[in-house]
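# Summary of structural features
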Amino acid sequence: MATRISVTVRGLTGLDDRERMLDELEAETGLSWRASAVDQGKVLTGGIVEIVLVAVVGKATEMTVSAAVDAVKRVVERRRGERLDPPETSVATESVPDSAAEPTAQGLDG
């Protein structure tokens, strides 16, 4: 079994926030991350978005998954600390079969 780590960010974001966070997550974890915007329907301002960032830790021990999750949480908290009005964020893990380990746009929904 592999473990999928996902970071959900909801709120106001800047033009380069997603790319900066992806770069930081990759640097901290050594994992390949993918992003997908979540359709919010009609909103009053274009600055409020929800994005999901996903990486997969395959064939790793729980200690390695734990270390990756801790690194993700550090990046998320550091990014939130840079903002006066930080977006809502959450970090989650999910066990997935090795065959489904590669994150895809379709796989981001669950």
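See the structure above.
A short tour of the structure in this document, coming up. (Residues numbered from 1 in each chain as written. Predicted model: local features only at pLDDT ≥ 70, side-chain atom pairs only at ≥ 80, totals over all residues. Heavy atoms only, no water.)

## Section: the overall build of the protein chain
Scanning the protein chain from terminus to terminus reveals 2 helices and 4 strands. Counting helices and strands in the order they occur from the N terminus, the protein chain gives β-α-β-β-α-β. Going through the 110 residues of the protein chain one by one, you find that 36% of them count as buried. Taking the intrachain contacts of the protein chain between residues at least 6 apart in sequence as the baseline, contacts between residues at least 24 apart amount to 75%. Looking at the protein chain as shown, the accessible area adds up to about 6,700 Å², and 51% of this sits on carbon and sulfur atoms. (Helix = DSSP H or I, 4+ residues; strand = E, 2+ residues; numbered from the N terminus. Buried < 20%, exposed > 50% of the residue type's maximum accessible area, 1.4 Å probe, protein only. Contact = heavy atoms within 4.5 Å. Areas by Shrake-Rupley, 256 points an atom, 1.4 Å probe, with all protein chains shown as cover.)

## A word on the pairing of strand β1 (residues 2-12)
The two faces of the sheet receive side chains in turn, since in a regular strand these alternate between them. Counting buried residues in β1 gives 9 out of 11 residues, a clear majority hidden from the surface. Pairing analysis gives 9 bridges linking β1 to strand β4 (residues 88-96), with the strands arranged antiparallel. What sits directly across from Val 9, in β4, is Thr 89. (Pairing = 2+ DSSP bridges.)

## Thoughts on the nonpolar core
In this structure, Ile 5, Val 7, Leu 25, Leu 31, Trp 33, Leu 53 and Val 72 are the most contacted members of the largest nonpolar core, which totals 18 residues. At 6 residues, the largest contribution of residues to this core is made by helix α2 (residues 62-81). Once you skip the residues sitting within four places of it in the chain, Val 7 turns out to touch Trp 33, Ile 51, Val 52, Leu 53, Val 72, Val 76, Ser 90 and Val 91. (Core = buried A, V, L, I, M, F, W, Y, C linked by side-chain atoms within 4.5 Å.)

## What to know about the environment of Ala 37
Inspection of the secondary structure assignment puts Ala 37 in strand β2 (residues 34-37). You can call Ala 37 exposed: its relative accessible area is 53%. In sequence terms Ala 37 and Val 49 are 12 residues apart; their C-alpha atoms lie 7.4 Å from each other. Those residues in contact with Ala 37 that lie beyond four places of it in its chain are Arg 18, Glu 50 and Ile 51.

All quantities given are derived from atomic positions and should not be read as evidence of function.
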